[in-house]
Amino acid sequence: VVVEDEDYLRNAIGKYVSKEGGYHVTGVADARSAFLLCRGIFKPTSNRYTSFKFDPNYNETDYSVERPNCIVLDVRLGGEMDGIELLNIIRSEP
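The text that follows walks through the structure, step by step, so that each part is easy to find. (Residues numbered from 1 in each chain as written. Predicted model: local features only at pLDDT ≥ 70, side-chain atom pairs only at ≥ 80, totals over all residues. Heavy atoms only, no water.)

## Section: the overall build of the protein chain
1) Next: The helix and strand inventory of the protein chain stands at three helices and four strands.
2) Next: Reading the protein chain from its N terminus to its C terminus gives the helix and strand order β-α-β-α-β-β-α.
3) Next: For the protein chain, the proportion of its 94 residues judged to be buried stands at 31%.
4) Next: Taking the contacts inside the protein chain whose residues are at least 6 apart along the sequence as the reference set, 66% of them involve residues at least 24 apart. (Helix = DSSP H or I, 4+ residues; strand = E, 2+ residues; numbered from the N terminus. Buried < 20%, exposed > 50% of the residue type's maximum accessible area, 1.4 Å probe, protein only. Contact = heavy atoms within 4.5 Å.)

As C-alpha cells, this is what we get:
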C-alpha cells in the first residue's frame, strides 16, 4: 500500500514498485482509507484510490481486498489524521 496525498508521488511509487517488483500495489490518498484498507474493509469508490498491477491480463474486478503486507506511508498527510497517527494506530492493532 502506498499512502500519499500527492497524486504524482503516489502514482510514481505505485507504478515503480508494481513494475520493478511485480507486486500488486494499492495507492490511497488519505489516512482514513489506509486505515480501512489495513483492516481489510476498504472499498475503492473514489478517485482517491489507485490500483497498480503490471500484468497485461490483469482485471481490476478480479482483485479482492486483503490486508497489506507492506505500507509506504507519507508521515505528513493532510486531512483528519497524519501519517504518524496512522502508524501508531496500525502498530497498536494485532
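## Notes on the nonpolar core
1) Next: Counting residues in hydrophobic clusters, the biggest one holds eleven residues: V1, V3, V28, A31, A34, F35, L36, L37, L77, M81 and L86.
2) Next: At five residues, helix 2 (residues 31-38) tops the list of elements feeding residues into this core.
3) Next: Setting aside its immediate chain neighbours within four residues, A31 contacts L77, M81, D82 and L86. (Core = buried A, V, L, I, M, F, W, Y, C linked by side-chain atoms within 4.5 Å.)

## Regarding the environment of E85
1) Next: Relative to the helices and strands, E85 resides in helix 3 (residues 83-92).
2) Next: The exposure class of E85 is partly exposed, given its relative accessible area of 41%.

## Quick notes on the side chain of D30
1) Next: For D30, the position within the fold is in the loop between strand 2 (25-28) and helix 2.
2) Next: Side-chain polar atoms of D30 contact the backbone nitrogen of R32, separated by 3.3 Å. (Polar contact = N/O pair within 3.5 Å; in protein donor to acceptor, adjacent residues only side chain to side chain.)

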